[in-house]
Amino acid sequence: MNSLRLLISDSYDPWFNLAVEECIFREMTTQKILFLWRNAETVVI
């Protein structure tokens, strides 16, 4: 059973966080991942 991996971004830059999200989607396909990030106005889950 795969455990859930929690990744929390310290960056408030939405472009950087979207790029990290894309990398996670493409490269970490065998893991269950919850990636949390935010910018000044938004929290994305």
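Here's what I pulled together on the structure shown here. (Residues numbered from 1 in each chain as written. Predicted model: local features only at pLDDT ≥ 70, side-chain atom pairs only at ≥ 80, totals over all residues. Heavy atoms only, no water.)

**Overview of the overall build of the protein**
What the protein contains, in helices and strands, is one helix and three strands. Dimensions of the protein, computed from the C-alpha atoms along their principal axes, are close to 35 × 15 × 15 Å. Of all 45 residues assigned to the protein, the portion counted as buried reaches 13%. Contacts in the protein between residues far apart in sequence, at least 24 positions, make up 53% of those at least 6 positions apart. Roughly 3,900 Å² of accessible area belongs to the protein as shown, and the carbon and sulfur atoms make up 58% of that amount. Taking the average location of the 4 positive side-chain charges in the protein and that of its 6 negative ones, the two points are 10 Å from each other. (Helix = DSSP H or I, 4+ residues; strand = E, 2+ residues; numbered from the N terminus. Buried < 20%, exposed > 50% of the residue type's maximum accessible area, 1.4 Å probe, protein only. Contact = heavy atoms within 4.5 Å. Areas by Shrake-Rupley, 256 points an atom, 1.4 Å probe, with all protein chains shown as cover. Lys, Arg positive; Asp, Glu negative; His and termini not counted. Charge placed at Lys NZ, Arg CZ, Asp CG, Glu CD.)

**Here's the deal with the pattern of salt bridges**
Scanning all chains against the criterion turns up one salt bridge. One salt bridge in this structure joins Glu22 and Arg26, with 2.3 Å as the shortest N-O distance. With Glu22 and Arg26 both in helix α1 (residues 14-27), this residue pair falls four residues apart, about one helical turn. Residue classification places Glu22 among the partly exposed positions, given a relative accessible area of 35%. (Salt bridge = Lys/Arg side-chain N within 4 Å of Asp/Glu carboxyl O.)

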